[in-house]
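# Structure assessment
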Amino acid sequence: MAVCARYDVLRALAHASGVEQVTLWALPNKRYQVSFRIRNQDHEWYLATLRNKAMPRAFVNLGAAAHIAYGIAHAPTMIVNMSKARQK
């Protein structure tokens, strides 16, 4: 189950509960998404867009996605998944 949340919500959640891992997903057409595995949660939390809170944000630059992910949470593990892109 994938859940989307805005930057400020994910940052507060990461600060309160802690993050087990951050995953950067490769999508078609050189786009990337960021997901977080929060401690004691069964599902992935995806960074959402500001306009549409129900849709994961797609980055066009892998470095920008990693920088945003690191700004939200300093996770002990960061995975870049290039082989199994999440379908829209």
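First things first, this report covers the structure right here in the doc. (Residues numbered from 1 in each chain as written. Predicted model: local features only at pLDDT ≥ 70, side-chain atom pairs only at ≥ 80, totals over all residues. Heavy atoms only, no water.)

What follows concerns the sheet that holds strand 2 (residues 19–27). Across the sheet, which stays open at both edges, the five strands sit in the order 1-4-3-2-5 with mixed pairing between neighbours. A strand with exactly one partner marks an edge of an open sheet, and here the two such strands are strand 1 (2–5) and strand 5 (77–81). Recorded for the sheet is a direction-independent mean angle of 30° between the axes of neighbouring strands. Pairing analysis gives eight bridges linking strand 2 to strand 3 (residues 31–38), with the strands arranged antiparallel. Residue pairing for strand 3: W25 is matched across the bridge by Q33. Helix 1 (residues 7–17) contacts strand 1, strand 2, strand 3 and strand 4 (44–47) of the sheet and is inclined by roughly 140° relative to strand 4. Lying on the sheet, helix 2 (residues 62–72) is in contact with strand 2, strand 3, strand 4 and strand 5; it crosses strand 3 at an angle near 20°. (Pairing = 2+ DSSP bridges. Helix = DSSP H or I, 4+ residues; strand = E, 2+ residues; numbered from the N terminus. Axes fitted to C-alpha atoms, helices over the stretch in contact; angles between N-to-C directions. Contact = heavy atoms within 4.5 Å.)

Viewed as axis vectors pointing N to C, helix 1 and helix 2 meet at an angle of 50°, and their least axial separation amounts to 9 Å. The angle between helix 1 and helix 2 falls in the class oblique. Of the residues in helix 2, those touching helix 1 at Y7, L10, R11 and A14 are I68, G71 and I72. Among the residues forming the contact of helix 1 with helix 2, the class breakdown is five nonpolar, one polar and one charged. (Parallel < 35°, antiparallel > 145°, perpendicular 65-115°, else oblique. Nonpolar A, V, L, I, M, F, W, Y, C, P; charged D, E, K, R; others polar.)

The buried fraction of strand 3 amounts to six of the eight residues, a majority that puts the element mostly inside the structure. Between the antiparallel neighbours strand 2 and strand 3 lie three residues, among them N29 with a positive phi of about 60°. The pairing of strand 3 with strand 4 spans three bridges and is antiparallel. Residue pairing across strands places F36 opposite W45, the latter belonging to strand 4. (Buried < 20%, exposed > 50% of the residue type's maximum accessible area, 1.4 Å probe, protein only.)

In terms of nonpolar packing, the biggest core is built from 19 residues, with L10, V19, V34, F36, W45 and I72 touching the most fellow members. Only helix 1, strand 2, strand 3, strand 4 and helix 2 provide two or more residues apiece to this core. Setting aside residues up to four positions removed in sequence, W45 forms contacts with V3, A5, L10, L13, V34, S35, F36 and I38. (Core = buried A, V, L, I, M, F, W, Y, C linked by side-chain atoms within 4.5 Å.)

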